[in-house]
Amino acid sequence: MCTGAPAVVVAVGHDALRRLILELLDQDRVAWQLHAVANRRDLAAAVSVAGPDLVVLTDESLDWCRELPAAFASQRVVVIGPAPDPAYERTAREAGAGAWLSTDQIGDDLILSMRRLLGCTHDHAQPAA
């Protein structure tokens, strides 16, 4: 799915981090349809309404898998953790996440991870002309 405008729910409680993610996606060459929620208790409703292709969220407890509607594939979730921690990444992936990043990887790897989950195999890194 490298064409069109993929819908993404960004469920990040920390205001500055949510704004950073939204700004990165807004500046990307892909025209992401962004739906942001600041409160994780709004995650299920946002996913049900937006029908997203991907969900990006922060989670330290890994409760996200219980908060998503059953019909949403957990492999379409990018989990952002607080620090690079192989054990946490392993746990996130065992819970079904399609990708995991630490907060210090967002600028370099978030969009790349999202494209991979969508099946984009070519590089969109060049800015639009």
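Bear in mind the structure is a predicted one, so any value in this text is a computation, not a measurement.

### Thoughts on the packing of aromatic side chains
In this description, a pair of aromatic rings is defined by centroid distance and the angle of the planes.
Logical step 1: Inspection of the entire model under this criterion finds 1 aromatic pair.
Logical step 2: Each ring, one from Tyr88 and one from Trp100, has its centre 5.7 Å from the other, and the planes form 55°; the classification is tilted. With Tyr88 in helix H4 (residues 86–94) and Trp100 in strand E5 (residues 99–102), the pair connects residues that are 12 residues apart, well separated along the chain.
Logical step 3: By relative accessible area, Trp100 is classed as buried at 6%.

### Considerations on the pattern of salt bridges
Logical step 1: In this structure the tally under the stated criterion is 3 salt bridges.
Logical step 2: In this structure, Arg115 engages Asp28 in a salt bridge whose closest nitrogen and oxygen atoms are separated by 2.6 Å. Taken together, the residues span a long stretch of sequence, with Arg115 in helix H5 (residues 106–118) and Asp28 in the loop between helix H1 (15–27) and strand E2 (33–37) at a distance of 87 residues.
Logical step 3: Taking the relative accessible area as the measure of exposure, Arg115 reaches 7% and is therefore buried.

### A few points about the nonpolar core
Logical step 1: Counting residues in each nonpolar core, the largest one holds 20 residues, and the members touching the most others are Ile21, Trp32, Val56, Val78, Leu110 and Met114.
Logical step 2: For this core, the elements supplying multiple residues, two or more each, are strand E1 (7–11), H1, strand E3 (54–58), strand E4 (77–81), E5 and H5.
Logical step 3: Looking at which element gives the most residues to this core, the answer is H5, with 6 residues.
Logical step 4: Not counting chain neighbours up to four residues away, the residues in contact with Val78 comprise Val55, Val56, Leu57, Ala99, Leu101, Leu110, Met114 and Leu117.

### Describing the side chain of Ser102
Logical step 1: Considering the arrangement of structural elements, one finds Ser102 in strand E5.
Logical step 2: The contact partners of Ser102, leaving out residues within four places of it in the chain, are Ile80, Gly81, Ala83 and Pro84.

### Some words on the packing of H1 against H5
Logical step 1: Packing of H1 against H5 brings their axes to within 11 Å, and their N-to-C directions diverge by 60°. The orientation of H1 relative to H5 falls into the category oblique. Relative to H5, the crossing made by H1 is right-handed. In contact with Leu17, Ile21, Leu24 and Leu25 of H1, H5 contributes Ile106, Gly107, Leu110, Ile111 and Met114.
Logical step 2: Class assignment for the residues of the contact of H1 with H5 results in 8 nonpolar, 1 polar and no charged.

Definitions and cut-offs
Residues numbered from 1 in each chain as written. Predicted model: local features only at pLDDT ≥ 70, side-chain atom pairs only at ≥ 80, totals over all residues. Heavy atoms only, no water. Phe/Tyr/Trp six-rings, centres within 6.5 Å; stacked < 30°, edge-to-face > 60°. Helix = DSSP H or I, 4+ residues; strand = E, 2+ residues; numbered from the N terminus. Buried < 20%, exposed > 50% of the residue type's maximum accessible area, 1.4 Å probe, protein only. Salt bridge = Lys/Arg side-chain N within 4 Å of Asp/Glu carboxyl O. Core = buried A, V, L, I, M, F, W, Y, C linked by side-chain atoms within 4.5 Å. Contact = heavy atoms within 4.5 Å. Axes fitted to C-alpha atoms, helices over the stretch in contact; angles between N-to-C directions. Parallel < 35°, antiparallel > 145°, perpendicular 65-115°, else oblique. Left-handed = near helix turned anticlockwise from the far one by under 90°. Nonpolar A, V, L, I, M, F, W, Y, C, P; charged D, E, K, R; others polar.

Just distances and angles here, no functional claims.
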